[in-house]
Amino acid sequence: MLCVVAWSASGVRHGLWHNTRPDQYYNDDYNFDTGIDNFWHNFNKRMDNFDNDMDNIATGLRQQTRADVVGDQYWVSIEMPGFNTEDILVKSKKGLLVVEAVHQGDGQPLNQYQHISDLPDFVDEHGSWSYKYGILRVVYPLKRRAPTDVTI
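Residues numbered from 1 in each chain as written. Predicted model: local features only at pLDDT ≥ 70, side-chain atom pairs only at ≥ 80, totals over all residues. Heavy atoms only, no water.

Going by this rule: UniProt positions are given in the numbering used here, feature names are shortened, and annotations may be inferred rather than shown by experiment.
In the annotation of an unreviewed UniProt entry, the entry for the chain reads Heat shock protein 25.4, and the organism field reads Danaus plexippus plexippus. The Sequence similarities (unreviewed entry) field of the UniProt record for the chain holds the comment "Belongs to the small heat shock protein (HSP20) family."

Written out as structure tokens, the structure reads:
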């Protein structure tokens, strides 16, 4: 909702309304203070709704990534549905894992994905990967045993 009220030199009140009923805020018995209060009340309500919508979108976009030491291997699992194996490029270099994927099917929108994360220093960066049921699994051998206790 947008409300702009202006007064002309002759003292006549003019209003410009967008997405609301003008009579809701502007009539012969118009009370300026009530109109402003209503405006801010509705503005705050819409901003709260917008904030909630953004939180819901962010929740839906959060990627599910999990990293675990399994025996003498380091596993990284990333949920990234909507790709084919040939769409995915996995690189490991200088302690970084880089995953890139691009897919566009017939009549479908472009689907792109990029993930960059640090690898622990106890991981050998020469690993292998597989993609099945929308989950990418990257497996690295360990250079040395992963620390089990960390003292802070």
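Structure's up, so let's keep going.
**So, unusual backbone geometry**
Just so we agree on the cut-off: We count a stretch as a helix when DSSP gives it H or I for four or more residues in a row; a strand needs E for two or more, and each element gets its number in order from the N terminus. Exposed residues in this analysis have more than 50% of their type's maximum accessible area, buried residues have under 20%, and partly exposed residues fall in between, with area computed by a 1.4 Å probe over protein chains only.
Backbone geometry at Lys-94 places phi at a positive 50°, although glycine is not the residue there. Although it is not a glycine, Tyr-133 adopts a positive phi angle of roughly 55°. Residue position: Tyr-133 is located in the loop between strand S8 (128-132) and strand S9 (135-141). Using a relative accessible area of 76% as the deciding quantity, one classes Tyr-133 as exposed.

**Focus on the nonpolar core**
Stated formally: Here the nonpolar core consists of buried residues drawn from Ala, Val, Leu, Ile, Met, Phe, Trp, Tyr and Cys, with membership extended through side-chain atoms lying within 4.5 Å. Should any heavy atoms of two residues lie within 4.5 Å, those residues are counted as being in contact.
In terms of nonpolar packing, the biggest core is built from 19 residues, with Tyr-74, Met-80, Ile-88, Leu-97, Val-99, Leu-136 and Tyr-140 touching the most fellow members. Of all elements in the fold, only strand S4 (73-79), strand S5 (88-93), strand S6 (96-103) and S9 reach the threshold of two or more residues within this core. For Leu-97, the contacting residues outside a window of four places in its chain are Val-76, Val-90, Lys-91, Ser-92, His-115, Ile-116, Ser-117, Leu-119, Val-138 and Tyr-140.

**Quick notes on the sheet that holds strand S7 (residues 111-118)**
Definition in use: When DSSP finds two or more bridges between a pair of strands, those strands are recorded as paired. To obtain an axis, a line is fitted to C-alpha atoms, over the contacting stretch when the element is a helix, and the angle between two such axes runs from 0 to 180 degrees between their N-to-C directions.
The strand order S5-S6-S7 describes an open sheet built from 3 strands, whose pairing is antiparallel. The sheet is open, and its two edges are formed by S5 and S7, each paired on a single side. Mean inter-strand twist for the sheet, computed between neighbouring axes without regard to direction, equals 10°. Two strands pair when backbone bridges link them, and S5 and S6 are joined in this way by 6 bridges, in the antiparallel orientation. Along S6, the bridge assignment pairs Ser-92 with Leu-97.

**Topic: the sheet that holds strand S3 (residues 65-70)**
Strand order in this open sheet of 4 strands is S3-S4-S9-S8, and the pairing throughout is antiparallel. Pairing within the sheet leaves two strands with one partner each, and these edge strands are S3 and S8. Geometrically, the sheet is characterised by an average inter-axis angle of 15° between neighbouring strands, direction not taken into account. Relative to S9, S8 runs antiparallel, the two being bridged by 5 bridges. Paired with Trp-129 across the two strands is Val-138, which belongs to S9.

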